[in-house]
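A look at the structure
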Amino acid sequence: MFALAEPLALLLAGLYGLLVLYHMWERRRRRLVVPSLLLWQAVSEDVIRARRFRPDLLFVVQALALAALILGLARPYRPGLAESEPTGRRIFVLDTSASMQSREGRQTRFESARAAATERLAGLPGDTEVMLLAADNGPRVVVDFTRDRAAVRAALTSLQPVDLGGDLTLTLAFADAVRQRTDLPTAIDVFTDVARASIPATMRDRVTLHQSGETDANLAITGIQVFQGRFQDPAAARATIQVQNFAPDDGHGVLTIELGGTVLNRTGFTLPGRGARSFLFDRLPNAGPLLARLETDDALAVDNAAFAWVAPVRPLHVLLVSDDAALARELRELAGAVSGLVVSTTDPQAFDPARPGDADVVVLHGLAPNPPLDVNALYVFPHADSALFPATAEVEDVEVIDWDDTHPALRGLRPLAAMPLRRGRMVDAPPWMRPIVRSRAAAGEFPLVLAGERDGHRVACITFDLGAEGLLRTDRVNLLLLTINILGWLAPGADETFVVRTGETADLGRFPTDTVTVDGPQGATRTIPGPQVAFEPVLAGAYRVRSDGVSRLVLANFLDPTESDIGRAGRDASSELPAAAPRSTADRRSRPPSVSAAQPWLYAAALVLLVVEWALWTRRPA
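The present account deals with the structure reproduced in this document. (Residues numbered from 1 in each chain as written. Predicted model: local features only at pLDDT ≥ 70, side-chain atom pairs only at ≥ 80, totals over all residues. Heavy atoms only, no water.)

Turning our eyes to something else, we now look at the overall build of the protein. On a plain count of helices and strands, the protein comes out with twelve helices and 33 strands. In the protein, which comprises 622 residues, the share counted as buried stands at 47%. Nonlocal contacts in the protein, meaning residues at least 24 apart in sequence, comprise 69% of its contacts between residues at least 6 apart. Accessible surface, the protein: about 30200 Å² in total, of which carbon and sulfur atoms supply 55%. (Helix = DSSP H or I, 4+ residues; strand = E, 2+ residues; numbered from the N terminus. Buried < 20%, exposed > 50% of the residue type's maximum accessible area, 1.4 Å probe, protein only. Contact = heavy atoms within 4.5 Å. Areas by Shrake-Rupley, 256 points an atom, 1.4 Å probe, with all protein chains shown as cover.)

See below:
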């Protein structure tokens, strides 16, 4: 079964009429030399015969040549086979975000999309180069441009969706940039559950969209939080879990809370369509990982579980080296009010940097010995001529303008902007430290708090005078919490726990060896480079990161309401799966059907026939 890429070329078949008229006219005007007129007795009958069209060999050859030319211009091809697709390059964008795990009947959206991509791949001409991109929270080049179909099929088979939100815009921008850089005609096929209306307007008519997904039935845990102070007992901690129904109909489920593997509570509930509810749990009996698990019959499972961490109370021994009596008194009062915090003080003259003692954290007020102490240390308002933190200027009436809320020392704090400071000191930070709280003066931006690690010890520096601010003043609650958080970060436990979101980088600190083992969800184990480890989980669950007796627990949550709203975009009526979606107008304009394999042969046949026609014409009788 053939189709024509340029069917209007068949209108040229009208030339056959002209060809017939030409042959009839040519026969009538032909002069013949005869020996006698007696042979023309039947003149009337000859006139009748002259008006009849009697095709000869010359006409047949001309008609065949004309047919070959017309068919060549019509560009015949076979739909569904390679000849129907343009040659050049093709970019496949396969959505691997979390919502593609939604189950639609017997298979997931991702499995449907992968089947469509595989079918599309099989229909491409053999000389078309294909690039495969995975799209989740950014673009990933899985296979670069290649004609190796087996390699692309193998990559499609090995790809799996991850527990990350999707950023199709970024991936499409990357694909479009690749298309613009290549000299060959390049088209983009997108296999996703996102509707065309959700694609950036500049790209909607420039891609071929293959959309999967019908259902919107999904209940999800969209938030989990444990409220517990740095030195607060687990019994005083509280946990809240936010559950949301993304379907328009009522949703039913059971929320189970486990602490350290023990079930604490099971609650059945019904949520109205598009509704949400918060569940509060207190009087937690002990420390450990807190698991909230949702039992419900919905399409997406990855957002039905979330982790939190209930921290144990660990004594923290702090040695304050300062001659500021007010600061020493405030820290001792703070220790009296906070269980687990033990503070001792000493004069700078009595402190030997070579023997800092056994304290978990040494707080140096106005001091900055170089090299740094061989312990976890907090430098507060280091003196102006410090070699470790060389000062460049003094500033007054300082305000916080920015802070890194992803740093563990600042996580969970309320906005710090409303915390004016009396005075500060602009210092040059050593290269192994980075600012986590910043301010700005006329001379430019400068750090208020620095944090880093050196030789296996954590170090922080506060560049304003903590003693002059007054830790226990009622209007300095944020400053008090900031100080407690920094002290807690400086002295992590031997088995520190991190609670992060998938796709978020957790700074796990330093490990003893250059190779670190990661035991991930579902029993997967792998190794990553050390000793300084920044870990980014892409699957939700519990990870154990270990090396030579040092261990970190990473609890990764998938909490993305946008991605959990699996029916958010609706279905694009113009897209079908598993069949290939029709190409857009712009797509057709930029990528017309290629020259079919038959077209050159038709032109060649026409040329041969014209040569034969010329030979017959020159040899015909005069």
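Next comes the rest of the write-up.
Turning our eyes to something else, we now look at the packing of helix α4 (residues 109-122) against helix α5 (residues 149-158). Following both chains from N to C, one finds α4 and α5 inclined at 175°, their axes separated by 10 Å at the closest point. Taken together, the axis directions place α4 and α5 in an arrangement best described as roughly antiparallel. In contact with Arg114, Ala117, Thr118 and Leu121 of α4, α5 contributes Arg149, Val152, Arg153, Leu156 and Thr157. In terms of residue class, the contact of α4 with α5 is made up of four nonpolar, two polar and three charged. (Axes fitted to C-alpha atoms, helices over the stretch in contact; angles between N-to-C directions. Parallel < 35°, antiparallel > 145°, perpendicular 65-115°, else oblique. Nonpolar A, V, L, I, M, F, W, Y, C, P; charged D, E, K, R; others polar.)

Inspection of every chain in the model, using the stated rule, returns 28 salt bridges. Between arginine 109 and aspartate 193 there is a salt bridge, with its nearest N and O atoms 2.9 Å apart. One end of the pair, arginine 109, is in helix α4; the other, aspartate 193, is in the loop between β8 (186-192) and β9 (208-211), and 84 residues separate them in sequence. Taking relative accessible area as the criterion, arginine 109 reaches 1% and is therefore assigned buried. (Salt bridge = Lys/Arg side-chain N within 4 Å of Asp/Glu carboxyl O.)

What follows covers the packing of helix α3 (residues 57-74) against helix α12 (residues 598-619). It is at 8 Å that the axes of α3 and α12 come closest, and there the two elements cross at 160°. Considering the angle they form, α3 stands roughly antiparallel to α12. Crossing geometry of α3 relative to α12 is assigned as left-handed. Contacts between α3 and α12 involve Leu57, Leu58, Val61, Gln62, Leu64, Ala65, Ala68, Leu69, Leu71, Gly72 and Leu73 from the former and Gln599, Leu602, Tyr603, Ala606, Leu609, Leu610, Val612, Glu613, Leu616 and Trp617 from the latter. Looking at the contact of α3 with α12 residue by residue, the class counts come to 17 nonpolar, three polar and one charged. (Left-handed = near helix turned anticlockwise from the far one by under 90°.)

Under the counting rule described, the total for this entry stands at four aromatic pairs. Plain terms: the ring middles of phenylalanine 92 and phenylalanine 191 are 5.3 Å apart, the flat faces sit at 70° to each other, and that makes the pair edge-to-face. Taken together, the residues phenylalanine 92 in strand β3 (residues 89-95) and phenylalanine 191 in strand β8 connect sequence positions 99 residues apart. Of the residues examined, phenylalanine 92 reaches a relative accessible area of 0% and is grouped as buried. When the ring centre of phenylalanine 145 is taken as origin, the NZ or CZ atom of arginine 89, which lies over that ring, is 4.2 Å away. If you follow arginine 552 out to its NZ or CZ, it ends over the ring of phenylalanine 511, 5.0 Å from the centre. (Phe/Tyr/Trp six-rings, centres within 6.5 Å; stacked < 30°, edge-to-face > 60°. Lys NZ or Arg CZ within 6 Å of the ring centre and 35° of its normal.)

Bringing empty space enclosed by the protein into the picture now. If you walk through the whole model with that rule in mind, you get three cavities of 30 Å³ or more. Taken together, Leu320, Leu327, Leu331, Val363, Leu378, Val380, Leu466, Leu471, Thr483 and Leu487 make up the lining of the largest cavity. Listed by contribution, the elements that provide at least two residues to the lining of the largest cavity are α7 (325-337), β20 (377-380) and α9 (477-490). For the lining of the largest cavity, the per-class residue count stands at nine nonpolar, one polar and no charged. (1 Å grid on protein atoms, 1.4 Å probe; cavity = no way out; pocket = protein on both sides within 12 Å on 5 of 7 lines; lining within 4 Å. Points joined across faces, edges and corners; volume = space filled by probe spheres on them.)

This part takes up unusual backbone geometry. A cis amide bond, omega 10°, links asparagine 370 with the succeeding residue proline 371. With respect to the element layout, proline 371 can be found in the loop between β19 (361-365) and β20. Glycine 530 connects to proline 531 through a cis peptide bond whose omega is -5°. Within the secondary structure, proline 531 sits in the loop between β30 (525-529) and β31 (532-535). Positive phi, normally seen in glycine, also occurs at aspartate 397, with a value near 50°. Inspection of the secondary structure assignment puts aspartate 397 in strand β21 (residues 391-398). For aspartate 548, which is not a glycine, the phi torsion comes out positive at approximately 50°. Locating aspartate 548 in the fold gives a position in the loop between β32 (541-547) and β33 (550-557).

All right, on to the nonpolar core then. The biggest cluster of nonpolar side chains holds 46 residues, and the ones touching the most others in it are Leu341, Leu378, Leu448, Val449 and Ile486. The dominant element in this core, judged by the number of residues it contributes, is α9, at eight residues. When sequence neighbours within four positions are dropped, the list of residues in contact with valine 449 reads Arg434, Pro435, Ile436, Val437, Cys461, Ile462, Phe464, Leu482 and Ile486. Within the second largest apolar cluster, 23 residues are counted, among which are Phe269, Ala292, Leu294 and Leu559. (Core = buried A, V, L, I, M, F, W, Y, C linked by side-chain atoms within 4.5 Å.)

It is worth spelling out the pairing of strand β10 (residues 219-227) at this point. Counting buried residues along β10, seven of its nine residues qualify, which places the element largely inside the surrounding structure. Across eight bridges, the pairing between β10 and strand β11 (residues 238-245) is antiparallel. Bridge pairing links isoleucine 221 to valine 243 in β11. (Pairing = 2+ DSSP bridges.)

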